Amino acid sequence: MDVEAIVKKMTLEEKASAVEGKLFWFTQEYPELGIPSVQVSDGPHGLRKMYGQGLTITSVCFPAACATACSFDTELMENMGHTLGRECQAEDVAVILGPAVNIKRSPLCGRNFEYVSEDPYVAGKMSAALIRGVQAENVGTSIKHFAANNQEFERMYGSSEVDERTLREIYFPAFEIAVKEAQPWTVMCSYNRINGTYSSENPWLLNDVLRKDWGFDGLVMSDWGAVSDRIAGIAAGLDLDMPGSQGVNNESIVKAVQEGRLSEEALDTAVLNILKMVDKYVSHRSAAEIPAFDLAADSAQAADVARECIVLLKNEDKVLPLAKEEKVALIGGFAEKPRYQGGGSSHIESFKVVSALSVAQRYGAFSFNRGFSEKEDIYEKDLQQEALAAAAEADKIVVFAGLPDLFESEGYDREHMQLPACQNRLIADLVKTGKPVIVVLHNGSPVEMPWADDVAGIVEAYLGGDGVGEAVMDVLYGRVNPSGRLAESFPMKLSDNPSYLNFPGTGHKVNYAEGVFVGYRYYDTKQMPVRFPFGYGLSYTDFRYANLRVSRDSFTAAEGVTVSVDVTNIGDRAGKEVVQLYVSDKTGSTIRPVHELKGFCKLALEPGETKTATFTLDKRAFAWYDVEQGDWYAANGTYVIEVGRSSRQIEYTAEVHIIGSKEKPPVITPDVQVGELLKSPFTREFTQERLKKYTDVFKGLGNETDEMVEAVVRFMPLRALRSFLGVSNEEVDAICEELKAHIAEQMK
């Protein structure tokens, strides 16, 4: 389509109607103008295409993002994206609504199961890979929810009160990485307000940051029902209102243009962005008949993905893998009916769900008892007694525990981090049998584990999609060597979480008071005990790290540095290791987390094999966002490269130095501290000379120590010279002007 020519032909009324959805899942169509309607569909871990009266097609449920993030495997994500894209093509779906990359600020957020990570770098890289895969099949994605949508409580009205540095460093980068590396066709703005302004009508968010700073050139759509003021939204850069207003807003848009309250140019831009998306899909759709996707093959792929995501959290005395000859008691309702996906808009009408019980006979001798329901928290004495009796006859006990559907879902947040009490009670009683107990978890977010020190094994399966049961059994019996690593921290208890005192907020506001200290950034900086740290996971083999090297010890931020480390599988079976690189800023230029993840690499290694993990670090790997400069800033000085297995298990470190960064001069006002002037290379020598006659007066006064006098002077603002030495206002102002002139000369 010649979209620009079409827009010129459209009447104002047609333009006003074109910027909202039709029939909940479709864009508007104008046959006389050659504009077809296209369909969008929920995702992001399966195709949830709606039809008829609220009916959903049967499709394949891949593992949710809480699970796939733990694979730390971008190639795996891209391949999964290709399959989702082909399914969309087969069902004539133009855009799949995902991935969802909102940061896991609190473990209580009801949609954490479909969000990627507490770390923005992981969320960005994994999501960019998924987007590349989907869009390689000429189907669009809609990365969501932009931005700072980190809870369900009052999600359609509440305001996320968060400073710009925190937005830029924590809540924006996942979107930024995906936009710059994969250019999603669409971005979905969130329901909530940010510092009082709705995301759907926030020009700074949608135009300044998304389009100008990051170069996004696609379509911005609303979340369903997120639009408050449609006129303000169009002016701010919101192109498509979904599912629309059923025509209610059309007259308002026309009137706003006619009265000059909305420029027709802004409306044209919105229409143009919508038509470009429609054309991108329609023009690349194959003229040949596209076959229906292969449900069986895609379901098998979903199981393969799940195998890569499972995290082995505990394996005391190598209780795992299980041996075929061992008699195993399988206990828990989730063994028969696993929880494999979350509730809400991502819920898939699954083709085939494989439970652990349905395939158990392939692996060895077993018994099964429900023990507890997978649906609710009810203590059923008979069920638990039967489970205990079966456990007494077994060599090992595997408990399939987790969160029932009603415990976490879109629409509401969790109130606590606990498993159902009936599950905790049975696990504690099973431990008392003296038999080794292994707990398999089916959950979308962290849970407290009062029994963690008592059980022999813990396997985190998360919400593993259609094939979760088979994937879990493969890991339990060693057919698959677990290689997942946690993409979020597991705190000991809810009150340890940095957002605890400010979640979910009051008065229609939630204060992000923890700032950049989210997840491991907080726990590691505070040296706080956690149940399991970010990046953690065990294997059935062992790995050795060696020969850490950096391409240069000193470099400018623009030059960056390359880091390499050798990893050897020193065990007796093949396995995969997730090598993680963190950067620690030692310059003291601002308050920062003790370290931050800036690279990861998953290596597949045969026994005895060695491979090299290589990382390229650019300026952003070292920088923090300086709001005063309105830019990323990597200070001159020392940084430490940390390479290891998790945020708490660093194997090797290397010290590097950034040089040549433009120093920031102090802001000169009568309130500037003498110590600031003496610290800055722009003003140090000038200050020592210019203020010498004043600072010398303080020396030798009374019985104070030199250290005390030095501290007083260091934190003394220039204006205090008036109080202590009678320096006139004119002299203070003159000193300020001389300092400004001196700085200007230095910066030439």
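Below, the structure is looked at part by part. All values derive from a computational prediction rather than experimental measurement.

**Describing the side chain of Arg485**
Relative to the helices and strands, Arg485 is located in the loop between α17 (468-476) and β19 (490-491). Only 2.9 Å separates the side chain of Arg485 from the side chain of Glu577, close enough to count as a polar contact. Those residues in contact with Arg485 that lie beyond four places of it in its chain are Cys70, Phe72, Val311, Gly535, Tyr536, Gly537, Leu538, Ser539, Lys576, Glu577, Val578 and Gln580.

**So, the sheet that holds strand β11 (residues 219-222)**
Backbone-to-backbone hydrogen bonds join strands into a sheet, with any given pair of strands oriented parallel or antiparallel. The parallel open sheet is built from five strands, whose spatial order is β1-β5-β6-β8-β11. With one partner strand each, in any of the chains shown, β1 (40-42) and β11 form the two edges of the open sheet. Averaged over all adjacent pairs, the angle separating strand axes in this sheet is 30 degrees, with direction ignored. Relative to strand β6 (residues 140-146), strand β5 (residues 95-97) runs parallel, the two sharing two bridges. Bridged to Ile96 within β6 is Thr141. Sitting on the sheet, helix α8 (residues 203-213) touches β6, β8 (186-189) and β11, and the angle it makes with β11 is about 150 degrees.

**Structural notes on unusual backbone geometry**
Cis geometry marks the peptide bond from Phe146 to Ala147; its omega dihedral reads 10 degrees. Along the chain, Ala147 falls in the loop between β6 and β7 (159-161). For the bond from Leu320 to Pro321, the omega torsion is 0 degrees, close enough to zero to count as cis. Here Pro321 lies in the loop between β12 (311-315) and β13 (328-331). If you check the backbone angles, Phe24 has positive phi at about 75 degrees while not being a glycine. Examined against the element boundaries, Phe24 turns out to sit in the loop between α2 (12-18) and β1. Judged by its relative accessible area of 42%, Phe24 is partly exposed.

**Structural notes on the sheet that holds β7**
Overall, mixed pairing links the four strands, which are arranged β10-β9-β7-β20 in an open sheet. The two strands at the open ends of the sheet, each matched to only one other strand, are β10 (197-198) and β20 (509-511). By the bridge criterion, three bridges tie β7 to β20 in an arrangement that is parallel. Across the sheet, residue Ser159 finds its bridge partner in β20, namely Lys509.

**Some thoughts on helix α11 (residues 264-283)**
Across its 20 residues, α11 extends 27 Å between first and last C-alpha, which sits within 8% of the 28 Å expected from 1.5 Å per residue. Of the positions making up α11, those classed as buried are Ala266, Leu267, Ala270, Val271, Leu272, Asn273, Ile274, Leu275, Met277, Val278, Asp279 and Tyr281.

**Some thoughts on helix α24 (residues 729-746)**
With 18 residues, α24 extends 26 Å between its outermost C-alpha atoms, agreeing within 8% with the 26 Å of an ideal straight helix rising 1.5 Å per residue. Of the positions making up α24, those classed as buried are Val732, Ile735, Cys736, Leu739 and Ile743. In a view along the axis of α24, the buried residues occupy a sector of 100 degrees, so they form one face of it.

**Here's the deal with the packing of helix α12 (residues 295-309) against α17**
Interaxial distance between α12 and α17 falls to 8 Å at its minimum, and their mutual angle equals 45 degrees. One finds that α12 runs oblique with respect to α17. The way α12 lies across α17 gives a crossing that is right-handed. Between α12 and α17, the residues in contact are Ala303, Ala306 and Arg307 and Glu470, Ala471 and Asp474, respectively. Tallied by class, the residues present in the contact of α12 with α17 amount to three nonpolar, no polar and three charged.

Conventions adopted
- Residues numbered from 1 in each chain as written.
- Predicted model: local features only at pLDDT ≥ 70, side-chain atom pairs only at ≥ 80, totals over all residues.
- Heavy atoms only, no water.
- Helix = DSSP H or I, 4+ residues; strand = E, 2+ residues; numbered from the N terminus.
- Polar contact = N/O pair within 3.5 Å; in protein donor to acceptor, adjacent residues only side chain to side chain.
- Contact = heavy atoms within 4.5 Å.
- Pairing = 2+ DSSP bridges.
- Axes fitted to C-alpha atoms, helices over the stretch in contact; angles between N-to-C directions.
- Buried < 20%, exposed > 50% of the residue type's maximum accessible area, 1.4 Å probe, protein only.
- Expected span 1.5 Å × (residues − 1).
- Arc of directions from axis to C-beta.
- Parallel < 35°, antiparallel > 145°, perpendicular 65-115°, else oblique.
- Left-handed = near helix turned anticlockwise from the far one by under 90°.
- Nonpolar A, V, L, I, M, F, W, Y, C, P; charged D, E, K, R; others polar.

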